[in-house]
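Chain and residue survey
What follows is each chain in one-letter form.
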Amino acid sequence: MIAGFRALRTVSARRRSRPTSLVPEQTTAAVRKRDAVKLRYGVNPQQATAEAAPVTPGSWPVTLLNGQPSYINVLDALNAWQLVHQAGQALGKPVAASFKHVSPAGAAAAGPIDEATAALYGVDPDTVGETASAYIRARDADPKSSYGDFAAVSRPVDDELAAFLSRVFCDGIIAPGFEPGVIARLSKKKKGSFLIMEAEEDFVPPARETREFYGVSLTQDRDNAPLTKDQFTHVTGAAPSAQAIEDLLLGQVVLRFTQSNSTCYLRDGVTLGIGAGQQSRVDCTRLAGAKTDTWWLRRHPSVRALTFQEGTRLADRINWQIRYLDGDLTPDEQARFAEALTSPAPDLTDADRREWAAGLADVAFTSDGALPFRDNVDHAARRNVSVIAEPGGSIRSDDVQAACDEYGITLLRTGIRLFHH
């Protein structure tokens, strides 16, 4: 079964060495004959029979190098790869994503690691390489949701990123290549079940997409509309900065591969909060806003002053930080939290939170669909958003523009809807 899935496409001469635990390479003829492969299971374990097949026989976009994926693993990998590949091309720098349940928990371009992130993950911010920095920033956008994620990077995985992946809870990674020794290192993770997929950068997907659901076959054109910096039309407010345009462009690509409805807050090449899959757009905006609040508050001195007992796992430290910020610990949680710390947690009052929130600046906000009411702008303003990009075309677009003028927020229109289902 692993042999079958591993031979998803011909492995060219440029491919790196493979772990000796895997079966020998398939011949080109065998690859081209293989039209379907079995998956570990479907969406749920009780859906025991599941398979994947290329639309064009023998033409696969990825090669499996280690592990045995489930149905959701494949969806995560293919969506995540498209996101980082398109964003990497659009921005001209490495991009990474952390995927959970077919939506990104976080995404980021390569950039500086702040002190809070560096301390949490035990990395030196002055020496982190570009590819590793992109993934660390993406994972730290929403570290609670990224627990057990599927990672994706737009550049080959180097030893630095492999070392980081080896010590965080992650189910797999997809990338366009792997430096020597990396596959062997990662293949030991999760008792040998860590999923490693290599993406084909030159793969061209079919022009039309088809899915079958409940006895019905649905077909549509693939969404190939280009996403570039030129798509933004300035409607009102001050001219956006070059960094704001980059953030919004990253956000547009992120939303293209996020379950709709979806909205996103960004700053300095990082998604601060993503709201996905809500029936009401403003609920997406509120959810993403709450995640943005948490991201910013995790940098508060009181949170950074929390000192945990030696041996406290990274996931537990993250969960305790967030529960501390939630401010509604039960008596049992309060006791366990105190036991996890080496000294009492500092007080964090509502006044402290408000004062700290006022310091968040240069935040961008974007939406996969038109903002239907000004309430989305009201929520964005609470996070000190300075620029908003949305498709426009709503019957209340004038109200949205008026709200932006009221708050001094720059409004850009994209003219393109990016629903993803």
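We now turn to the structure provided with this report. (Residues numbered from 1 in each chain as written. Predicted model: local features only at pLDDT ≥ 70, side-chain atom pairs only at ≥ 80, totals over all residues. Heavy atoms only, no water.)

**Digging into the packing of helix H11 (residues 314–326) against helix H12 (residues 331–340)**
Two numbers describe how H11 lies on H12: the axes approach to 11 Å, and their chain directions differ by 130 degrees. Between H11 and H12, the interaxial angle falls into the category oblique. Of the two possible hands of crossing, H11 and H12 adopt the one that is left-handed. Facing H11, whose interface residues are Trp320, Arg323 and Tyr324, H12 presents Glu333, Arg336, Phe337 and Ala340. For the contact of H11 with H12, a count of residues per class yields four nonpolar, no polar and three charged. (Axes fitted to C-alpha atoms, helices over the stretch in contact; angles between N-to-C directions. Helix = DSSP H or I, 4+ residues; strand = E, 2+ residues; numbered from the N terminus. Parallel < 35°, antiparallel > 145°, perpendicular 65-115°, else oblique. Left-handed = near helix turned anticlockwise from the far one by under 90°. Contact = heavy atoms within 4.5 Å. Nonpolar A, V, L, I, M, F, W, Y, C, P; charged D, E, K, R; others polar.)

**Some details on unusual backbone geometry**
Across the junction of Ser260 and Asn261, the peptide omega takes the value -10 degrees, indicating a cis bond. Tracing the backbone through its elements, the reader meets Asn261 in the loop between helix H8 (242–256) and strand S12 (262–267). Even without a glycine there, the phi angle at Asp362 is positive, about 60 degrees. Examined against the element boundaries, Asp362 turns out to sit in the loop between helix H13 (350–357) and strand S14 (363–367). Of the residues examined, Asp362 reaches a relative accessible area of 58% and is grouped as exposed. (Buried < 20%, exposed > 50% of the residue type's maximum accessible area, 1.4 Å probe, protein only.)

**Section: helix H15 (residues 397–407)**
Listed as buried for H15 are Ser397, Val400, Ala403 and Cys404. Seen along its axis, H15 keeps its buried residues to an arc of 120 degrees; they face one direction. In H15, those exposed residues whose orientation departs by more than 90 degrees from the buried face are Asp398 and Glu406. Buried residues belonging to H15 abut strand S11 (233–236), helix H14 (375–382), strand S15 (385–390) and strand S16 (410–413). Just downstream of H15, Gly408 is the residue with a positive phi angle, here 75 degrees. (Arc of directions from axis to C-beta.)

**Structural notes on the nonpolar core**
Ranked by size, the top nonpolar core spans 56 residues in total, and within it Tyr135, Val157, Ile173, Phe178 and Ile388 carry the most contacts. With six residues, helix H5 (residues 130–141) is the largest single contributor of residues to this core. In this structure, Val62, Phe99, Ile274 and Leu418 belong to the second largest nonpolar core, which totals 40 residues. (Core = buried A, V, L, I, M, F, W, Y, C linked by side-chain atoms within 4.5 Å.)

**Considerations on the environment of Pro205**
Looking at the element boundaries, Pro205 is found in the loop between strand S8 (195–199) and strand S9 (208–213). For Pro205, a relative accessible area of 28% gives the class partly exposed. Taking the C-alpha atoms as reference points, Pro205 and Gly369, 164 residues apart in sequence, are found 25 Å from one another.

**Here's the deal with the side chain of Asp142**
Relative to the helices and strands, Asp142 resides in the loop between H5 and strand S6 (149–153). The exposure class of Asp142 is buried, given its relative accessible area of 9%. When residues no more than four places from it in sequence are discounted, the contact partners of Asp142 are Ala105 and Lys291.

**Focus on the layout of surface pockets**
Estimated volume of the second largest pocket: approximately 320 Å³. In this structure, the second largest pocket is lined by 16 residues; those nearest its centre are Tyr147, Arg167, Val168, Phe169 and Ala315. With five residues, the top contributor of residues to the lining of the second largest pocket is H11. Each residue belonging to the lining of the second largest pocket can be placed in one class, and the counts come to seven nonpolar, two polar and seven charged. (1 Å grid on protein atoms, 1.4 Å probe; cavity = no way out; pocket = protein on both sides within 12 Å on 5 of 7 lines; lining within 4 Å. Points joined across faces, edges and corners; volume = space filled by probe spheres on them.)

**Describing the pairing of strand S10 (residues 216–221)**
Within a regular strand, side chains alternate between the sheet's two faces. As defined by bridge partners, S9 adjoins S10 across six bridges and the pair is classed as antiparallel. The partner of Arg211 across the bridge, within S10, is Leu218. In textbook terms, the turn of a hairpin is the stretch between consecutive antiparallel strands, and for S9 and S10 this stretch comprises two residues, one of which, Tyr214, has a positive phi near 50 degrees. (Pairing = 2+ DSSP bridges.)

**Digging into the packing of aromatic side chains**
For the coordinates displayed, the defined rule picks out eight aromatic pairs. Ring centres 6.0 Å apart and planes at 75 degrees place the aromatic pair Tyr135 and Phe164 in the edge-to-face group. One end of the pair, Tyr135, is in helix H5; the other, Phe164, is in helix H6 (residues 159–165), with 29 residues separating them in the sequence. Using a relative accessible area of 3% as the deciding quantity, one classes Phe164 as buried. Seen in terms of ring centroids, Trp296 and Trp356 are 5.1 Å apart; in terms of plane orientation they differ by 20 degrees. Their pairing is stacked. With Trp296 in helix H9 (residues 281–297) and Trp356 in helix H13, this residue pair connects regions lying 60 residues apart in the sequence. Cluster of aromatic residues (ring-pair linked, three or more members): Tyr121, Tyr135 and Phe164. Here Arg299 stacks its cationic end above the ring of Trp295, 3.9 Å away from the centre of that ring. (Phe/Tyr/Trp six-rings, centres within 6.5 Å; stacked < 30°, edge-to-face > 60°. Lys NZ or Arg CZ within 6 Å of the ring centre and 35° of its normal.)

**So, the side chain of Ser397**
Looking at the secondary structure, you find Ser397 in helix H15. Exposure remark for Ser397: the relative accessible area of 8% places this residue in the buried category. Not counting the four nearest positions on each side in its chain, Ser397 is found in contact with Gly392 and Arg413.

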